[in-house]
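So you can see what is in the structure, the chains are spelled out below.
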Amino acid sequence: SYSSRNSKTIGRSMNTRDFIHMINKCVDFFWPLLPSWQPQMFPEAKEGEIETSVGVKAVYDLVEKAYHEEFDRMRVIESKASMFIGTTTFMATFVIGISTFLAKGQTIGLFIMVLSFLAFCICLFMTRVLYLSIKALERSVIFLVNPIDFYKAKSKEAFMKEAICQFINATNQNHNPINKKMNYVIAAQRYFKRVLFTLGLYALVLLFYTVCHYDDNSGSPLIKAIKAVNDFKPEPWLIIIIFGISTFAIMAVVLSCLFAPSVSKSVPNDR
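In short, a report on the structure. (Residues numbered from 1 in each chain as written. Predicted model: local features only at pLDDT ≥ 70, side-chain atom pairs only at ≥ 80, totals over all residues. Heavy atoms only, no water.)

**Remarks on the environment of Phe150**
Note the cut-off: Secondary structure elements follow DSSP: runs of H or I no shorter than four residues count as helices, runs of E no shorter than two count as strands, and numbering proceeds from the N terminus. Working definition: with a 1.4 Å probe on protein chains only, accessible area under 20% of the residue-type maximum means buried, over 50% means exposed, and in between means partly exposed. Residues count as neighbours in contact if any of their non-hydrogen atoms are within 4.5 Å of one another.
One can find Phe150 in the loop between helix H3 (110–137) and helix H4 (156–212). When its relative accessible area of 10% is taken as the criterion, Phe150 is described as buried. Put simply, Phe150 and Met160 are 10 residues apart on the chain and 8.9 Å apart in space, counted from C-alpha to C-alpha. Excluding its chain neighbours within four sequence positions, the residues that come into contact with Phe150 are Val145, Phe159, Glu162, Ala163 and Gln166.

This is the structure we're talking about:
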């Protein structure tokens, strides 16, 4: 019947969307994207609209506090971005130095190849951390309250009302550029977590490599097993198969992302 065909179509569409969502989550795990964000629009505050029963002074104190808290939030964001830049630069120098020292004049084994690959991943993630942190530190249009605008106020109440409007409008206008900085720092923090995780794997493989070369004449089964892993040389056909599987997986992800909008649009029509 039509209802059964319709339910089957919806079920297949939902399964496809779940599959695409799972693939996107896997891609985002290895290569995080910027958080989705849309600029917000705020109405302009005007002096004639201020009507309050709690007193103009209470409103003035509240909006002034919100104005300064927005600047404090920006300082925290930029200080975290500066911390990422300093830490990442030191770690990149350290990892590249160790990898260059190990690869120079040594027999290239499995551990050296894995260490080189991990060093490449660490540098790639660190490059992304540096880029996003620098984007967070870029100069933005920030609005300030100018005291010169208030010198013509005829009374204290008129001064406070004008200052209230200035504080509200400046806070609203600063909200979007500061949130943009925050999104860059959030993405940089996600990449920094990948750096730490990959660095842990790097240290573990480096430990195995060190144990492997600790005593070549040792009869320990553990050292023999580690040396056997290090001396492993994969066959060319195995490398070709792994490369083919990786290429097919990448093509599947790209095609699923390209066809994702058409699938999502077909669900409401089937209903």
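**A closer look at the packing of aromatic side chains**
Put simply, the test is: Note on ring pairs: Phe, Tyr and Trp rings are taken, using the six-membered ring of Trp, and paired if centres are within 6.5 Å. Classes follow the plane angle, with under 30 degrees stacked, over 60 edge-to-face and the rest tilted.
Tallied over the entire structure, the rule returns five aromatic pairs. Judged by centre distance (5.1 Å) and plane angle (65°), the ring pair of Tyr67 and Phe71 falls under edge-to-face. One end of the pair is Tyr67 and the other is Phe71, both in helix H2 (residues 56–103) and four residues apart, which spans about a single turn. Judged on exposure class, the residue Tyr67 and its partner Phe71 are both buried.

**Here's the deal with the pattern of salt bridges**
Our working rule: Whenever a carboxyl oxygen of Asp or Glu lies within 4 Å of a side-chain nitrogen of Lys or Arg, that contact is scored as a salt bridge.
Counted by the stated rule, this structure contains five salt bridges. Between Glu70 and Arg73 there is a salt bridge, with the nearest N and O atoms lying 2.5 Å from each other. Taken together, the positions of Glu70 and Arg73, both in helix H2 and three residues apart, correspond to about one turn of that helix. Overall, Glu70 belongs to the buried group, its relative accessible area being 10%. Arg73 gets classed as partly exposed once you look at its relative accessible area, which sits at 23%.

**Things to note about the environment of Pro32**
In this structure, Pro32 sits in the loop between helix H1 (2–30) and H2. Along the primary structure Pro32 and Arg190 are separated by 158 residues, whereas in three dimensions their C-alpha atoms are 6.9 Å apart. Those residues within four positions of Pro32 in sequence are excluded, and the remaining contacts are Arg190, Tyr191 and Arg194.

**Quick look at the nonpolar core**
Here is the rule we go by: Think of a nonpolar core as a cluster: buried Ala, Val, Leu, Ile, Met, Phe, Trp, Tyr and Cys residues, connected wherever their side-chain atoms sit within 4.5 Å.
Counting 45 residues, the largest nonpolar core has Phe167, Val195 and Tyr202 as the members making the most contacts within it. Listing elements by their share of this core, those giving two or more residues are H2, H3 and H4. For this core, the leading source of residues is H4, giving 17 residues. Contacts of Phe167, omitting those with residues within four sequence positions, involve Tyr60, Val63, Glu64, Tyr67 and Val145.

**Some words on a nonpolar patch on the surface**
For clarity, the threshold we go by: Surface patches are defined over residues having more than 30% relative accessible area and no salt bridge, joining like charges when they lie within 9 Å and nonpolar side chains (Val, Leu, Ile, Met, Phe, Trp, Tyr) when within 5 Å. Here the open area of atoms and residues is found with the Shrake-Rupley method and a 1.4 Å probe, where only the protein chains shown may cover a residue.
Side chains of Val27, Phe29, Phe30, Trp31, Leu33, Phe117, Phe120 and Leu124 sit close together on the surface and give an oily, nonpolar patch of about 840 Å² of accessible area. When residues of the nonpolar patch are traced back to their parent elements, those giving at least two are H1 and H3. Relative to the helices and strands, Phe29 is located in helix H1.

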